[in-house]
Amino acid sequence: MASLVVMGLGCAAAGVAHGQAANVPTTTLITPTSAGGAADTLCRIVAEKLGPLLGQTIIVESRMGAGGTIATGSISRAAPDGRTLFCAPEYIFISHLLSPGAVDPLSLEPVSVLATFPTVIVSRASLPVATFPELIEYAYANPGRLNFASQGNGSMAHLILEAMKMRAGVEITHVPYRGGMQAITDMLAGNMDLYAVPLPASLEHIRMGKIKLIAPVARERLPEFPEVAATAELLPGFEAATFLSIAAPPATPKPIVESIAAGIRTVLQMPEVRERFGRLQARPHATSPAEMRRLVGDYVNAWQPVIAKARITSN
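Just so it is clear, the structure is predicted and the values come from calculations on it, not from any experiment.

S.K.: Which residues make up the overall build of the protein, and what values go with them?
M.R.: A tally of regular secondary structure across the protein gives 11 helices and 12 strands. Its C-alpha atoms give the protein a radius of gyration of 20 Å, within 12% of the compact-globule value 20 Å for 315 residues. Summarising its shape, the C-alpha atoms of the protein cover approximately 65 × 40 × 30 Å along the three principal directions. Taking all 315 residues of the protein together, 50% fall into the buried category. Within the protein, counting contacts between residues at least 6 apart in sequence, those at least 24 apart form 78% of the total. Carbon and sulfur atoms make up 54% of the accessible area of the protein, which totals about 13,400 Å². Averaging the locations of the 25 positively and 24 negatively charged side chains of the protein gives two centres separated by 2 Å.

What follows is the structure, given as structure tokens:
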């Protein structure tokens, strides 16, 4: 595998033409997220640097819809030759629990995690609480009065706040949206009380005072906000792993998988890449294929009981 030009979606045709003219193989990196979002941007940053190490022209292609099952189905049917890869957010790996009959994402070959993200609970600016303990106290005293937005049934925001309800014994109404942009827009307008979201997608709004940071969904406090208590300080064990990863089609040979993983490790050590990740509040986190498999397994095991108890589906 050898030298690459990374292209954005708008330049895909030009990228293919260049790759063919130079007799360089082309790889498609599928994402289930919208172009321009934090996950999509991180995928493109990695692809831009990974290509010269693998000797390929990489085209990033967004295939949104059905909670990621469209993209998962595409990658599961692709040839296991390393020429089609999947830039997979963590929620992809529980999609089969939410949509019976969907492709089992655990059949994909793990390659490497790319990054981890802090996930935070935020509220509308006018909500009369400022901390996580105050939020739980208010919800307990006002059952059913609060609502929370999500990116859709079975999304991470949905799962996190359902888990919070179970652990704290409070009642909060779920309002699913078709995507994160609509959810955050209604939060900013004051029409939604709560939302759970990766920090990169909410950081500027928090800094501008348009929404309030209630708590990181984590064991420890964020270095950026050391004064804000984490959820696990009040509810031990209440934390959420949010990550972005690369996976390959089922049965991709081990040498191909390990070659790509080694390339990713090299890319994530580059100072420029680490600086660009930092601007998006993403923490570079390269793993071996085996380490990624364990992380995915732990993630599925953590959320399976929540999905079952709350009877969550993606419909």
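S.K.: Break down the side chain of Glu 90 for me, citing the residues and quoting the values.
M.R.: Checked against the element boundaries, Glu 90 lands in the loop between strand S4 (84–89) and helix H4 (95–98). Comment: no salt bridge for buried Glu 90; closest opposite-charge side chain is Arg 283, at 13 Å. The residues touching Glu 90, leaving out its near neighbours within four places in the chain, are Met 156, Ala 241, Thr 242, Phe 243 and Tyr 299.

S.K.: Explain unusual backbone geometry to me, and be specific about the residues and the numbers.
M.R.: Unlike most non-glycine residues, Gln 281 shows phi in positive territory, near 60 degrees. Examined against the element boundaries, Gln 281 turns out to sit in the loop between helix H10 (271–279) and strand S12 (283–284). For Gln 281, a relative accessible area of 13% gives the class buried. Positive phi, normally seen in glycine, also occurs at Arg 311, with a value near 55 degrees.

S.K.: So what's going on with the nonpolar core? Which residues, and what values?
M.R.: Judged by nonpolar contacts, the single largest core of 67 residues is most densely connected at Phe 132, Leu 135 and Trp 303. Top contributing element to this core by residue count: helix H6 (residues 156–168), with eight residues. Contacts of Trp 303, omitting those with residues within four sequence positions, involve Met 156, Leu 159, Ile 160, Ala 163, Glu 239 and Ala 240. Listed in part, the 30 residues of the second largest apolar core include Leu 29, Val 111, Ala 115 and Val 257.

S.K.: With reference to specific residues and values, describe helix H11 (residues 289–310).
M.R.: The terminal C-alpha atoms of H11 lie 32 Å apart, and with 22 residues this matches the ideal 32 Å at 1.5 Å per residue to within 8%. The largest bend in H11 is about 30 degrees, located at Trp 303, with the proline Pro 305 one to four residues further on. Those residues of H11 that sit buried are Pro 289, Met 292, Val 296, Tyr 299, Val 300, Trp 303, Val 306 and Ile 307. Positioned one or two residues after H11, Arg 311 has a phi angle of 55 degrees, which is positive.

S.K.: Quick one: what's the story with the packing of H6 against H11, residue by residue and with numbers?
M.R.: Where H6 meets H11, the axes come as close as 10 Å, and the angle between the chain directions of the two elements is 70 degrees. By the criterion of interaxial angle, the relationship of H6 to H11 is roughly perpendicular. Of the residues in H11, those touching H6 at Met 156, Leu 159, Ile 160, Glu 162, Ala 163 and Met 166 are Tyr 299, Trp 303, Val 306, Ile 307, Lys 309 and Ala 310.

S.K.: Requested: an account of the pairing of S4, with residues and values cited.
M.R.: Where burial is concerned, most of S4 is hidden: six out of the six residues are buried. Alternating residues of S4 divide into Thr 84, Phe 86 and Ala 88 and Leu 85, Cys 87 and Pro 89, and every residue in both groups is buried. The pairing of strand S2 (residues 26–31) with S4 spans three bridges and is parallel. By the bridge assignment for S4, Ile 30 is matched with Phe 86. Pairing of S4 with strand S11 (residues 242–248) involves four bridges; the strand directions are antiparallel. Its bridge partner lying in S11, Phe 86 is registered against Ala 247.

S.K.: An account of the pattern of salt bridges is needed here, citing residue identities and associated values.
M.R.: Evaluation of the coordinates by the stated rule reveals 14 salt bridges. Note that Glu 162 and Lys 165 form a salt bridge whose closest N and O atoms lie 3.4 Å from each other. In this pair, Glu 162 and Lys 165 are both assigned in helix H6, three residues apart and thus about one turn of the helix distant. Just as Glu 162 is buried, Lys 165 falls in that class too. When the shortest N-O distance is used, the salt bridge between Glu 275 and Arg 279 registers 2.7 Å. Taken as a pair, Glu 275 and Arg 279 lie in helix H10 at a separation of four residues, close to a single helical turn. The class for Glu 275 is partly exposed, based on a relative accessible area of 42%.

Each value, and the rule that gives it
Residue positions within a chain follow its written sequence, with the count starting from 1. Local features in this predicted model are restricted to residues of pLDDT 70 or higher, and side-chain atom pairs are both shown and tallied only at a pLDDT of 80 or more, whereas totals for entire chains, interfaces and linings draw on every residue. Side-chain metrics rest on all non-hydrogen atoms present in the structure, leaving aside hydrogens and water. A helix here means a DSSP run of H or I that spans at least four residues, while a strand means a run of E at least two residues long, and both kinds are numbered starting from the N terminus. Here the radius of gyration uses the C-alpha set of atoms, whereas the globule reference equals 2.2 Å times the residue count to the power 0.38. Each residue is placed in one exposure class: buried if its accessible area under a 1.4 Å probe, protein chains only, is under 20% of its type's maximum, exposed if it is over 50%, and partly exposed if it falls in between. Every residue pair with non-hydrogen atoms within 4.5 Å of one another is taken to be in contact. Here the open area of atoms and residues is found with the Shrake-Rupley method and a 1.4 Å probe, where only the protein chains shown may cover a residue. Counting rule applied: Lys, Arg positive; Asp, Glu negative; His and chain ends not counted. The atoms used to mark charge sites are NZ of Lys, CZ of Arg, CG of Asp and CD of Glu. Any Lys or Arg side-chain nitrogen located within 4 Å of an Asp or Glu carboxyl oxygen qualifies as a salt bridge. Among buried residues, the Ala, Val, Leu, Ile, Met, Phe, Trp, Tyr and Cys ones that are joined through side-chain atoms within 4.5 Å form a nonpolar core. A helix is expected to span 1.5 Å for every residue after the first. Values of bend correspond, residue by residue, to the angle between axes fitted over the seven residues ending at that residue and the seven starting there. Structural elements are reduced to axes, namely lines fitted to C-alpha atoms, with helices fitted over the stretch in contact, and the angle between N-to-C directions of any two is expressed from 0 to 180 degrees. Orientation labels follow simple angle bins: below 35 degrees gives roughly parallel, above 145 gives roughly antiparallel, 65 to 115 gives roughly perpendicular, and whatever is left gives oblique. Only when DSSP finds a minimum of two bridges between them are two strands counted as paired.

Structural measurements only, silent on function.
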